[in-house]
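# Inside the fold
Read off the chains here:
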Amino acid sequence: MTDVSLPRARFRASLGQIWREQRVWLTSCLILLALAVFDPGQAWESAGFAGDALMRTAPYLVLSIAIAAWAGATGADNLIARAFTGAPILMIGLAALAGGISPFCSCGVIPLIAALLAMGVPLSAVMAFWLASPIMDPSMFVLTAGVLDLEFAVAKTVTAIGLGVFGGAVVHVLARGGALSDPLREGVGNGGCGGARVRAPKPVVWRFWTEAERRTKFGKTAASTTVFLAKWLTLAFLLESLMLAWVPAETVTALLGGTGVMPILTATLVGVPAYLNGYAALPLVGGLIDQGMAPGAGMAFLVAGGVTSIPAAMAVWALARPQVFAIYILLSLSGAFAAGLLFQIWVSI
């Protein structure tokens, strides 16, 4: 009995590992397989749609990959550490700006935040960076301009910085009243891999190609970023093709269209559970706007989903105490709604 069950257990473990590592690609394949079985015509249309969309965005993909690889190879992300010195009000503004333009990956932000809080950096400045960072980065800006348009990309960048300043200011006022004196959960705050950047930031090497180690890092970062963007955008374009084929435009218009407050409020709330990934959400929102969704609702959806997506929210929950998590969520949703409302007013002028 043991001889038979052991290979089965190993087989199940191998399948589980493959799913964990390749679940995005496998999901895309399963979608196409299901379409091939139940709707072969749509399978060909969706595959063609995804291929054409990837070709259209290829120039932006190449540029965003180059930016990400350059930031990793040169060590430009070390410059972010300099935003957390000075008076509290100045730190809030600089931290929001750093978060809005930072090239940090998702695995690097959380350890850095833990290190900053453990070192005594005010929660107001950290919250400003925390709120702004998931919304925009250089790669996201390039892709947003390509998939949507430049005006939307600039507005989303301003939103990221504005939300960071707003959140940091609110937390600063609360902290002055004696609240939020111990934001980290017990046992959190050893600094992790991000702590060294703040404690001893290394100089940036702009001519990274002169060092073999940095050239290797550039290549590895470019390769990993290419795979990351390709798998998420392939899934996103497949979903967009199905949305365009199966979701009536009048339904979208009725739910999220128009210029009133309700479409923006709905998009803010829907953005939390419906959000896939910062890159994957762009073509989906583009398709919804083409079907009649209000631009302000699209902005609210992207901002709310980016800051309060399940991975980001889980990271905040694991790192911070419940009251800090609650403030984070409230600031995210209120800021997303305000951003959507202001953007809708702007495009309507």
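The helix and strand tally for the chain stands at 16 helices and zero strands. Put simply, the chain has 349 residues, and 46% of those count as buried. Taking the contacts inside the chain whose residues are at least 6 apart along the sequence as the reference set, 82% of them involve residues at least 24 apart. When the accessible surface of the chain is summed, it comes to about 17100 Å², and 69% of that surface belongs to carbon and sulfur atoms.

A complete count under the given rule lists five aromatic pairs for this structure. For the ring pair Trp130 and Tyr328, a centre distance of 5.8 Å and an interplane angle of 50° mean the geometry is tilted. Placement of Trp130 in helix α6 (residues 123-132) and of Tyr328 in helix α16 (residues 322-348) is noted, with a sequence separation of 198 residues between them. Judged by its relative accessible area of 3%, Trp130 is buried. When the ring of Phe152 is compared with that of Phe343, the centres are 5.1 Å apart and the planes differ by 70°; the resulting orientation is edge-to-face. Taken as a pair, Phe152 in helix α8 (residues 150-176) and Phe343 in helix α16 lie far apart in primary sequence, 191 residues in all. When its relative accessible area of 6% is taken as the criterion, Phe343 is described as buried. Every member of this aromatic cluster is reached through a ring pair, and the members are Phe208, Trp209 and Phe218.

A few words now on the pattern of salt bridges. Evaluated as defined, the whole model comprises one salt bridge. In this structure, Arg214 and Glu211 form a salt bridge, with 3.1 Å as the shortest nitrogen-oxygen distance.

Burial analysis of α6 places ten of its ten residues in the buried class, the great majority of the element. Among all positions of α6, only Leu123, Ser124, Ala125, Val126, Met127, Ala128, Phe129, Trp130, Leu131 and Ala132 are buried.

Turning our eyes to something else, we now look at the confidence of the model for the chain. Looking at the chain as a whole, the pLDDT averages 77, with 74% of positions reaching at least 70. A low-confidence stretch, residues 190-197 stays under pLDDT 50, and its non-local contacts, those more than four residues away or across chains, total 17 contacts.

Bringing the packing of helix α7 (residues 138-147) against α8 into the picture now. Put simply, α7 and α8 touch, their axes get as near as 7 Å, and they point 145° apart. In this structure, α7 meets α8 at a crossing whose hand is right-handed. Touching Met140, Phe141, Thr144 and Ala145 of α7 are Leu150, Phe152, Ala153, Val154, Lys156 and Thr157, all from α8. Along the lines of polarity and charge, the residues of the contact of α7 with α8 split into seven nonpolar, two polar and one charged.

Looking now at the packing of α8 against α16. Close contact between α8 and α16 brings their axes to 9 Å; oriented N to C, the two are set at 140°. Considered as vectors, α8 and α16 are oriented oblique to each other. In this structure, the crossing between α8 and α16 has a hand that is right-handed. Residue-level contacts link Glu151, Phe152, Ala155, Thr159, Leu163, Phe166, Gly167, Val170, Val171 and Leu174 of α8 to Ile327, Leu331, Ser334, Gly335, Ala339, Phe343, Trp346 and Val347 of α16. Among the residues forming the contact of α8 with α16, the class breakdown is 13 nonpolar, four polar and one charged.

On to α16, then. An α-helical segment advances 3.6 residues per turn. Residues three or four places apart therefore align on the same side. Taking 1.5 Å as the rise per residue, α16 with 27 residues should run 39 Å; its terminal C-alpha atoms sit 39 Å apart, in good agreement. Considered for burial, the residues of α16 that qualify are Val324, Phe325, Ile327, Tyr328, Leu331, Ser332, Gly335, Ala336, Ala339, Gly340, Phe343 and Gln344.

Within the largest apolar cluster, 63 residues are counted, with the highest numbers of intra-cluster contacts made by Met127, Trp130, Leu131, Ile135, Met299, Leu302 and Tyr328. It is α6 that provides the largest number of residues to this core, a total of nine residues. Dropping the residues within four chain positions of it, Met127 is found in contact with Gly167, Val171, Val324, Tyr328 and Leu331.

Our next topic: the side chain of Thr144. Tracing the sequence through the fold places Thr144 in helix α7. Among the polar contacts listed, one links the side chain of Thr144 to the backbone oxygen of Met140, at a separation of 2.6 Å.

Our next topic: the environment of Pro322. Structurally, Pro322 can be placed in helix α16. With 139 residues separating them along the chain, Pro322 and Pro183 place their C-alpha atoms 8.8 Å apart.

Parameters at a glance
- Residues numbered from 1 in each chain as written.
- Predicted model: local features only at pLDDT ≥ 70, side-chain atom pairs only at ≥ 80, totals over all residues.
- Heavy atoms only, no water.
- Helix = DSSP H or I, 4+ residues; strand = E, 2+ residues; numbered from the N terminus.
- Buried < 20%, exposed > 50% of the residue type's maximum accessible area, 1.4 Å probe, protein only.
- Contact = heavy atoms within 4.5 Å.
- Areas by Shrake-Rupley, 256 points an atom, 1.4 Å probe, with all protein chains shown as cover.
- Phe/Tyr/Trp six-rings, centres within 6.5 Å; stacked < 30°, edge-to-face > 60°.
- Salt bridge = Lys/Arg side-chain N within 4 Å of Asp/Glu carboxyl O.
- pLDDT = per-residue confidence, 0-100.
- Axes fitted to C-alpha atoms, helices over the stretch in contact; angles between N-to-C directions.
- Left-handed = near helix turned anticlockwise from the far one by under 90°.
- Nonpolar A, V, L, I, M, F, W, Y, C, P; charged D, E, K, R; others polar.
- Parallel < 35°, antiparallel > 145°, perpendicular 65-115°, else oblique.
- Expected span 1.5 Å × (residues − 1).
- Core = buried A, V, L, I, M, F, W, Y, C linked by side-chain atoms within 4.5 Å.
- Polar contact = N/O pair within 3.5 Å; in protein donor to acceptor, adjacent residues only side chain to side chain.

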